[in-house]
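Chain and residue survey
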Amino acid sequence: MLSSKRLVLAHFWLAFTVFGLALLLGAWQMLVRSPLLAWISNPEWYYRSVTAHGTVMGYVFPTLIAMGFGYAISELALERPLIGQRWAWTGFGLVVVGAVMAMVPVSMGLASVLYTFYPPLIGSPFYYLGIVLVVVGSWIWVALMSLNLYVWKRDNPGKPVPLAMFANVAGSLLWGWTAVGAALELLLQILPVALGFRTTIDAGLARVFFSWTLHAIVYFWLMPAYIAYYTIIPRAIGGKLYSDSMARISFILFLVVAMPIGIHHLFTDPQVGAGFKFMHSALTALVALPTLLTVFTICASAEIAGRLRGGKGPFGWVAALPWRNPMMLAVTFSFVMLGFGGAGGLINMSFQLDASIHNTQWVTGHFHLIFGGAIVIMYFAIAYDLWPHLTGRALTSLGLMRAQLWLWFVGMIVTTFPWHYVGILGMPRRMAFYDFTNTALAPEALPVTISVFGGFLLVISGALFFVVLIKGQLAPKAEAGVYRFSIAIHPPTSVPVALNGYSLWLVLMIGLTVVNYGFPIAQLLALKNTSVPAVYVGAQP
């Protein structure tokens, strides 16, 4: 029984509302840069839109999903009321206030710095303070998840921590630590300049601080999706989880190796030495390991479901799977996009290959395929699965749900594949205008146009998603029954200490971060005369 339904629903409704607005902004950006529409002639409008889109999609939307889902997991998995509900509402309030505080200066053209902040560009201090409030609100969630787990373990000594809660706390701890990098950049580098205490900024050091957050934040986005893979999908498709232990190992690996990899985004930056770039590249390759474990485990879980449904022979279980079940569609589409996006990531992590696609539309295609594709489609699945238990009303529009997921999958493929292609051709990203009458750019006009139609499909899919949720919210009352997470085929009666807590893994996470970032940061701090004049957004030349 969920005693915090209103809390969870508040997080989800706000998350999906801002997601819908950011989705419209993204589609508009694609349209105005394409050959289909005359250029708007003012690049400032474009960069305002990109900053708002990236900030909402990168910080606000996934943070609210992780927080809301996390609170639900805490109650449902631990089978006890959430400790600290007032603090949880405080955290939610901080996220709301921070999001509004950040978006107002963006809409006024005072903070067009994109979600990566782009020093030495400096925007309104209210934008950065808003981001800080969002992070502080999320840190309240981090603390509450650890507190609820601590109290449960104290009251249940020696018992295995439920897998959903084990994974949930892993995601919260990962976010709590990875957000430190961006927080240091904001507090030590950007805000003193934005507030007028300094007029110069060490852009190289700021970028290294942000790289601490830049890639590990992707795994924070991924965590709710991976929790759904392991703890929702096997039950939803009528099977059982193949291995509880492999699931725990996957989340531990994410916690340990997701952090010290961000400098692979700085391959072309001269202020970081080649040795540390190599270390980060090698550790980036290790992140593929928990993903491969997950793909194997969930495919094995799907085979169990197919066999239980009567599937025979080597591949008969595939045909026996419930393909009309929206959850089956969601995880399949997510895995396909994760596969393509992950393959593209192997190019990004290679020092040699990255040089050919660095800062091109390839990068845009890669992270949209991972986040907008593989991750967001599982956010839809999480909402569909929890909604009846949060509202006490059934979601009966299965046909609409299937159509919505198909449109999202097709739309994301049609959007991102052309971006990968034009990236290979050399099209730079984050440009407000492309002159497709130029013979050098003319071959890129058709794929860019195709990608715009993919964006339209995504908007239609997003609209259908809201239709499904609103219809569910207005449906007659219906008893949803007891919520269950997936059960392992061999449920654990005891778990090794290393797989039932995080003490060892937190030491490794922090240690690897210090080793991989400590020297570059210390070296840059020691260098003299590395600061450059700030460039203030909105200032007159």
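So, a few notes on the structure that sits alongside this text. All values derive from a computational prediction rather than experimental measurement.

1. Quick notes on the overall build of the protein
From N to C terminus, the protein includes 18 helices and four strands. Rg of the C-alpha trace for the protein: 23 Å, near the compact-globule value of 24 Å for 541 residues, within the 12% margin. Looking at the 541 residues of the protein, the share that counts as buried comes to 60%. Considering only contacts in the protein between residues 6 or more positions apart, those separated by 24 or more positions represent 83%. Surface summary for the protein: the accessible area is close to 21,300 Å², and the carbon and sulfur share equals 72%. With 27 positive and 14 negative side-chain charges, the protein shows a spacing of 9 Å between the two charge centroids.

2. Some remarks on the layout of surface pockets
If you add up the space inside the largest pocket, you get close to 1,100 Å³. Per-element accounting of the lining of the largest pocket gives the leading share, 10 residues, to helix α13 (residues 326–349). Partitioned by chemical class, the residues of the lining of the largest pocket number 26 nonpolar, 16 polar and six charged. Estimated volume of the second largest pocket: approximately 880 Å³. Every element with two or more residues in the lining of the second largest pocket is listed here: α2 (43–78), α5 (163–194), α9 (244–257) and α15 (361–391). A total of four residues in the lining of the second largest pocket trace back to one element, the largest contributor, which is α2. Among the residues forming the lining of the second largest pocket, the class breakdown is 23 nonpolar, five polar and nine charged.

3. Regarding the pattern of salt bridges
Scanning the model with the defined rule gives seven salt bridges in all. Among the ionic pairs, Glu 44 bridges to Arg 48, the shortest N-O distance being 3.0 Å. Linking Glu 44 with Arg 48, this pair stays in helix α2, spanning four residues, or about one helical turn. With a relative accessible area of 23%, Glu 44 lands in the partly exposed category. Across the salt bridge formed by Asp 244 and Arg 248, the nearest N and O atoms sit 2.5 Å from each other.

4. Digging into empty space enclosed by the protein
Taken as a whole and assessed by the stated rule, the structure comprises four cavities of 30 Å³ or more. In terms of lining residues, the largest cavity is bounded by 33 residues, among which Gln 29, His 53, Thr 364, Phe 367 and His 368 are the most central. Of all elements in the fold, only α1 (5–32), α2, α15, α16 (398–425) and α17 (445–474) reach the threshold of two or more residues within the lining of the largest cavity. In terms of residues, the lining of the largest cavity owes the most to one element, α15, which gives seven residues. Residue composition of the lining of the largest cavity, grouped by class: 18 nonpolar, 12 polar and three charged. Estimates place the volume of the second largest cavity at around 70 Å³. Along the wall of the second largest cavity there are 14 residues; nearest its centre are Ala 66, Trp 141, Asn 168, Pro 224 and Ile 227. Counting only elements with at least two residues in the lining of the second largest cavity, the list comes to α2, α5 and α7 (216–231). By residue number, the principal contributor to the lining of the second largest cavity is α2, which donates five residues. Residue composition of the lining of the second largest cavity, by class: 10 nonpolar, four polar and no charged.

5. Section: the nonpolar core
Within the largest apolar cluster, 171 residues are counted, with the highest numbers of intra-cluster contacts made by Phe 12, Phe 16, Phe 61, Tyr 71, Tyr 128, Phe 380 and Tyr 384. Of all the elements, α5 adds the most residues to this core, at 19 residues. Beyond its immediate stretch of four places on either side in the chain, Phe 61 contacts Ala 15, Phe 16, Val 18, Phe 19, Val 56, Phe 371, Val 376 and Tyr 379. Of all hydrophobic cores here, the second largest spans seven residues; its members include Val 422, Met 427, Leu 441 and Val 448.

6. Digging into the packing of α5 against helix α6 (residues 203–214)
At their nearest, the axes of α5 and α6 sit 6 Å apart, and the two run at 155 degrees to each other. Taken together, α5 and α6 sit at an angle that is classed as roughly antiparallel. The handedness of the crossing between α5 and α6 comes out as left-handed. Where α5 approaches α6, its residues Trp 177, Thr 178, Ala 179, Val 180, Gly 181, Ala 182, Leu 184, Glu 185 and Gln 189 are matched on the opposing element by Leu 205, Ala 206, Phe 209, Phe 210, Trp 212 and Thr 213.

7. Observations concerning the packing of α2 against α7
Relative to each other, α2 and α7 sit at 40 degrees, their axes nearing to 10 Å. Comparing the axis directions of α2 and α7 gives the class oblique. α2 and α7 meet at a crossing whose hand is left-handed. Across from Gly 58, Tyr 59, Pro 62, Thr 63, Ile 65, Ala 66, Phe 69 and Ile 73 in α2, the residues of α7 making contact are Ile 217, Phe 220, Trp 221, Pro 224 and Ile 227. Classifying every residue of the contact of α2 with α7 by side-chain character gives 11 nonpolar, two polar and no charged.

8. Brief notes about the side chain of Gln 189
Among the structural elements, Gln 189 can be located in helix α5. A distance of 3.4 Å separates a polar atom in the side chain of Gln 189 from the backbone nitrogen of Asp 202. What Gln 189 contacts, discounting residues up to four positions off in sequence, is Leu 184, Arg 198, Ile 201, Asp 202, Leu 205, Ala 206 and Phe 209.

9. Overview of the environment of Pro 492
By secondary structure assignment, the location of Pro 492 is in the loop between α17 and α18 (503–526). Between the C-alpha atom of Pro 492 and that of Val 161, which follows or precedes it by 331 residues, the distance is 9.9 Å. Beyond its immediate sequence surroundings of up to four residues, Pro 492 is in contact with Pro 160 and Asp 244.

10. Some remarks on the packing of aromatic side chains
All chains considered together, the criterion is met by 45 aromatic pairs. Measuring from ring centre to ring centre gives 6.3 Å for Tyr 59 and Phe 117, while their planes differ by 20 degrees; the resulting arrangement is stacked. Linking Tyr 59 in helix α2 with Phe 117 in the loop between α3 (85–107) and β1 (121–122), this pair joins segments that are 58 residues apart in sequence. With respect to class, Tyr 59 is no different from Phe 117; both count as buried. Arranged with centres 6.4 Å apart and planes meeting at 70 degrees, the rings of Phe 61 and Phe 371 form a pair that is edge-to-face. Of this pair, Phe 61 sits in helix α2 while Phe 371 sits in helix α15, and the two are 310 residues apart along the sequence.

The rules behind these values
- Residues numbered from 1 in each chain as written.
- Predicted model: local features only at pLDDT ≥ 70, side-chain atom pairs only at ≥ 80, totals over all residues.
- Heavy atoms only, no water.
- Helix = DSSP H or I, 4+ residues; strand = E, 2+ residues; numbered from the N terminus.
- Rg over C-alpha atoms; globule rule 2.2 N^0.38 Å.
- Buried < 20%, exposed > 50% of the residue type's maximum accessible area, 1.4 Å probe, protein only.
- Contact = heavy atoms within 4.5 Å.
- Areas by Shrake-Rupley, 256 points an atom, 1.4 Å probe, with all protein chains shown as cover.
- Lys, Arg positive; Asp, Glu negative; His and termini not counted.
- Charge placed at Lys NZ, Arg CZ, Asp CG, Glu CD.
- 1 Å grid on protein atoms, 1.4 Å probe; cavity = no way out; pocket = protein on both sides within 12 Å on 5 of 7 lines; lining within 4 Å.
- Points joined across faces, edges and corners; volume = space filled by probe spheres on them.
- Nonpolar A, V, L, I, M, F, W, Y, C, P; charged D, E, K, R; others polar.
- Salt bridge = Lys/Arg side-chain N within 4 Å of Asp/Glu carboxyl O.
- Core = buried A, V, L, I, M, F, W, Y, C linked by side-chain atoms within 4.5 Å.
- Axes fitted to C-alpha atoms, helices over the stretch in contact; angles between N-to-C directions.
- Parallel < 35°, antiparallel > 145°, perpendicular 65-115°, else oblique.
- Left-handed = near helix turned anticlockwise from the far one by under 90°.
- Polar contact = N/O pair within 3.5 Å; in protein donor to acceptor, adjacent residues only side chain to side chain.
- Phe/Tyr/Trp six-rings, centres within 6.5 Å; stacked < 30°, edge-to-face > 60°.

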